[in-house]
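Structural overview
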Amino acid sequence: MTYILPRTAKFLAKRLRRNEEGAAAIEFAFVAPVMIMMYFGLAEIATAIDADRRVSHGTNVAGDLATHTSEMTVTDVEETLSAAIRIMGVADARKVTIDMRSFIKDTNGNITSEGIVQMNPSANNLPSFNAATLDEKILSENSGIVVTRVAYTYSPLKLRFFDTDITLSETFMLKPRRSNSVVIGKDSGKDISCSASGYATVTCTGSTSSS
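Residues numbered from 1 in each chain as written. Predicted model: local features only at pLDDT ≥ 70, side-chain atom pairs only at ≥ 80, totals over all residues. Heavy atoms only, no water.

Digging into the pairing of strand β4 (residues 143-154)
- Of all twelve residues in β4, twelve are buried; the element is thus mostly enclosed.
- Burial along β4 is two-sided: S143, I145, V147, R149, A151 and T153 facing one way and G144, V146, T148, V150, Y152 and Y154 facing the other are all buried.
- Summarising the sheet, strand β2 (residues 96-105) and β4 pair through ten bridges and their orientation is antiparallel. Across the sheet, residue M100 finds its bridge partner in β4, namely T148. (Buried < 20%, exposed > 50% of the residue type's maximum accessible area, 1.4 Å probe, protein only. Helix = DSSP H or I, 4+ residues; strand = E, 2+ residues; numbered from the N terminus. Pairing = 2+ DSSP bridges.)

Structure (structure tokens):
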């Protein structure tokens with residue numbers, strides 16, 4: 001017995017050293033947390049990028065629809081904004097702010113407002129816009145431009161990187177297609193105020209411009 005036990009112990013020790021069972025599980029225990037965090041992070045970033053692209057697309061659609069006409073009535077504005085919100089795929093339109101402005105520049109270089117549309121302005125505080133800062137190549141003499149800005153309060157998945165809501169915004173400047181300028185709300189007043197709720201329920205009213 002005195003000879004068998006040491007040999008048995010040595011054999012078992014050597015066998016244990018060579019035994020690789022469970023090694024993969026140990027490696028996975030180290031790697032899994034990193035992989036899971038990367039997965040959550042990529043999912044969060046991917047959804048945020050998708051939301052930003054939809055905001056950009058919606059802004060483009062709103063501006064493009066506006067520039068295909070020489071005059072926008074209140075009904076036209078409601079349909080244009082509703083289309084933009086649907087393109088964005090936003091479930092709660094109260095989180096979306098849309099600011100659309102039309103300008104024209106005469107031969108003397110004077111810039112005149114041809115109408116303003118504002119939807120849910122309090123949802124996202126867009127900075128003031130000064131058409132005088134536009135480059136002459138964008139707003140030249142005897143021509144107009146439609147400036148469309150959209151801001152959306154996006155609620156991320158909040159899995160890892162984004163802990164709070166994010167404001168996604170986009171600006172598009174487009175030339176009128178059928179006339180020198182686009183007149184907004186000619187018969188109802190050049191300031192059109194809109195509110196939106198739900199999926200894409202937009203209601204607008206016109207008023208006399210104070211600017």
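Some words on the state of the cysteines
- As enumerated under the stated definition, the model contains one disulfide in all.
- Across a sulfur-sulfur distance of 2.0 Å, C194 and C204 are joined as a disulfide pair. Linking C194 and C204, the disulfide has an S-S dihedral of approximately 110 degrees and is accordingly described as right-handed. In this pair, C194 sits in strand β7 (residues 191-197) while C204 sits in strand β8 (residues 201-207), placing the two residues ten residues apart along the sequence.
- The exposure class of C194 is buried, given its relative accessible area of 4%. (Disulfide = S-S within 2.5 Å.)

Comments concerning the side chain of S82
- Along the chain, S82 falls in helix α3 (residues 74-88).
- When its relative accessible area of 9% is taken as the criterion, S82 is described as buried.
- Setting aside its immediate chain neighbours within four residues, S82 contacts A200 and V202. (Contact = heavy atoms within 4.5 Å.)

Re unusual backbone geometry
- Despite not being glycine, N120 has its phi angle at roughly 45 degrees, a positive value.
- Inspection of the secondary structure assignment puts N120 in the loop between β3 (111-119) and β4.
- Despite not being glycine, N142 shows a phi value in the positive range, around 60 degrees.

Regarding the side chain of R149
- Mapped onto the fold, R149 is located in strand β4.
- In terms of polar contacts, R149 uses its side chain to reach the backbone carbonyl oxygen of P127, at 2.6 Å.
- Beyond its immediate chain neighbours, meaning those up to four positions away, R149 contacts T97, I98, D99, R101, L126, P127, S128, F129, E170 and T171. (Polar contact = N/O pair within 3.5 Å; in protein donor to acceptor, adjacent residues only side chain to side chain.)

Description of the pattern of salt bridges
- Enumeration over the complete set of coordinates arrives at six salt bridges.
- The closest approach of N and O atoms between R177 and D64, which form a salt bridge, is 2.9 Å. Separated by 113 residues along the polypeptide, R177 in the loop between β5 (166-174) and β6 (183-184) and D64 in helix α2 (residues 23-66) bring together distant segments of the chain.
- Salt-bridge contacts for R149 lead to D99; the nearest nitrogen and oxygen are separated by 3.6 Å. Pair noted here: R149 is in strand β4 and D99 is in strand β2, with a separation of 50 residues, a long-range link.
- Using a relative accessible area of 7% as the deciding quantity, one classes R149 as buried.
- Judged by relative accessible area, D99 falls into the buried class, the value being 4%.
- Residues joined in a network through salt bridges with shared partners are D99, R101 and R149. (Salt bridge = Lys/Arg side-chain N within 4 Å of Asp/Glu carboxyl O.)

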